[in-house]
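Report on the structure
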Amino acid sequence: MNSIRRVGACVVVCLLGGLIVSRGPLRVAAAGNATRRGAGAEHDGQHDFDFDIGKWKAHLKKLENPLTGSTKWTEYDGTIVARKVWDGRANLDEFVAEGPSGRIEGLTLRLYNPKTHQWSLYWANSKNGALSLPATVGEFKNGRGEFFDQEPYNGRLIFVRYVWSDITANSAHFEQSFSDDGGKTWEVNWISDQTRVPEEGRVLR
């Protein structure tokens, strides 16, 4: 009986030893991943929206009845005026456009979180006078900004994506897309192309 106990104790000790040895590299790998994540999170994006500051002409295409198979688009022309808040860590732009379906008066508030290095975007329409919730959250990488949220639409929860791309000193492209299948596919429903209005005495190049 004593020999059986000794054998059993030996097995337990060996198993514990094996677990301790095997967990060591996992801790090292986890620490390495954490270090890499920390290094990747060091980008200071508080000036990522500086390109948008100023006055713009905007051409908007808006899909009627998204997520219904509709292919009817309505076009608008308008202006955007954007200004810095908190030295660029936030900004506010006002959007006004006219089209066959009437007038759109919108406002976008963008707030930068220095801890997460991400932006939170809030949209408001003058028709309801309230900021949209939840915020659409994301960041810029390699000159492209992607921002996401999940919100109710026609009685269902869908994913919403904003994308800023093709950004130059005097132009920018924006798209809003919806997904009702968990982000597997996206339908673009709002396309805005912006062209900067030159300041007095400044020539666009």
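Our subject is the structure listed above.
Now for a look at the structure at hand.

What counts and how
- Residues numbered from 1 in each chain as written.
- Predicted model: local features only at pLDDT ≥ 70, side-chain atom pairs only at ≥ 80, totals over all residues.
- Heavy atoms only, no water.
- Helix = DSSP H or I, 4+ residues; strand = E, 2+ residues; numbered from the N terminus.
- Buried < 20%, exposed > 50% of the residue type's maximum accessible area, 1.4 Å probe, protein only.
- Areas by Shrake-Rupley, 256 points an atom, 1.4 Å probe, with all protein chains shown as cover.
- Core = buried A, V, L, I, M, F, W, Y, C linked by side-chain atoms within 4.5 Å.
- Contact = heavy atoms within 4.5 Å.
- Phe/Tyr/Trp six-rings, centres within 6.5 Å; stacked < 30°, edge-to-face > 60°.
- 1 Å grid on protein atoms, 1.4 Å probe; cavity = no way out; pocket = protein on both sides within 12 Å on 5 of 7 lines; lining within 4 Å.
- Points joined across faces, edges and corners; volume = space filled by probe spheres on them.
- Nonpolar A, V, L, I, M, F, W, Y, C, P; charged D, E, K, R; others polar.
- Polar contact = N/O pair within 3.5 Å; in protein donor to acceptor, adjacent residues only side chain to side chain.

What follows is about the overall build of the protein chain. A count of helical and extended segments in the protein chain gives one helix and 11 strands. Element order for the protein chain, N to C, with α for helix and β for strand: α-β-β-β-β-β-β-β-β-β-β-β. Residues classed as buried in the protein chain amount to 31% of the 205 residues present. Counting every atom, the protein chain has about 12,900 Å² of accessible surface; 56% of that belongs to carbon and sulfur.

Ranked by internal contacts, the top residues of the largest apolar core, which has 23 residues, are Phe49, Phe95, Phe147 and Trp164. For this core, the secondary-structure elements that each account for two or more residues are strand E1 (54-63), strand E2 (73-85), strand E3 (90-99), strand E4 (102-113), strand E5 (118-125), strand E9 (156-165) and strand E10 (171-179). The element that contributes the greatest number of residues to this core is E9, accounting for four residues. In contact with Phe95, other than residues within four places in its own chain, are Ala58, Leu60, Thr79, Ile80, Ile104, Glu105, Gly106, Trp123 and Trp190.

Quick look at unusual backbone geometry now. In this structure, Pro134 follows Leu133 across a cis peptide bond, with omega equal to 0°. Structurally, Pro134 is set in the loop between strand E6 (130-131) and strand E7 (136-141). Within the chain, Leu67 stands out as a residue other than glycine whose phi angle is a positive 60°. Residue position: Leu67 is located in the loop between E1 and E2. Judged by relative accessible area, Leu67 falls into the partly exposed class, the value being 27%. Of note in the backbone geometry, Trp86 takes a positive phi value of approximately 55° without being a glycine. As for its position among the elements, Trp86 is in the loop between E2 and E3. With a relative accessible area of 52%, Trp86 lands in the exposed category.

Once that is clear, we can look at the packing of aromatic side chains. For the structure on display, the rule yields 15 aromatic pairs. Ring geometry for Phe49 against Phe140: centres 5.1 Å apart, planes inclined by 85°, an arrangement best described as edge-to-face. Highlighted residues: Phe49 in the loop between helix H1 (2-40) and E1 and Phe140 in strand E7, separated in sequence by 91 residues. For the pair formed by Phe49 and Phe140, the shared burial category is buried. Here the aromatic rings of Phe51 and Trp164 are separated by 5.5 Å at their centres, their planes lie at 70°, and the arrangement is edge-to-face.

Before going further, it helps to spend a moment on the environment of Pro114. With respect to the helices and strands, the residue Pro114 is situated in the loop between E4 and E5. Sequence separation between Pro114 and His43 is 71 residues, and the spatial gap between their C-alpha atoms is 9.7 Å.

Moving on, we come to the layout of surface pockets. One number sums up the size of the largest pocket: a volume of about 960 Å³. What lines the largest pocket is a set of 41 residues, and nearest its centre among them are Trp123, Asn125, Tyr162, Gln176 and Trp190. Residue composition of the lining of the largest pocket, grouped by class: 22 nonpolar, 11 polar and eight charged.

On the secondary structure map, Ser179 appears in strand E10. The class for Ser179 is buried, based on a relative accessible area of 1%. Reaching out from Ser179, the side chain makes a polar contact with the backbone nitrogen of Gly183 at a distance of 2.8 Å. Separated by 2.8 Å, the side chain of Ser179 and the backbone oxygen of Thr185 make a polar contact. If sequence neighbours within four positions are ignored, Ser179 has contacts with Ile158, Phe159, Lys184, Thr185 and Trp186.

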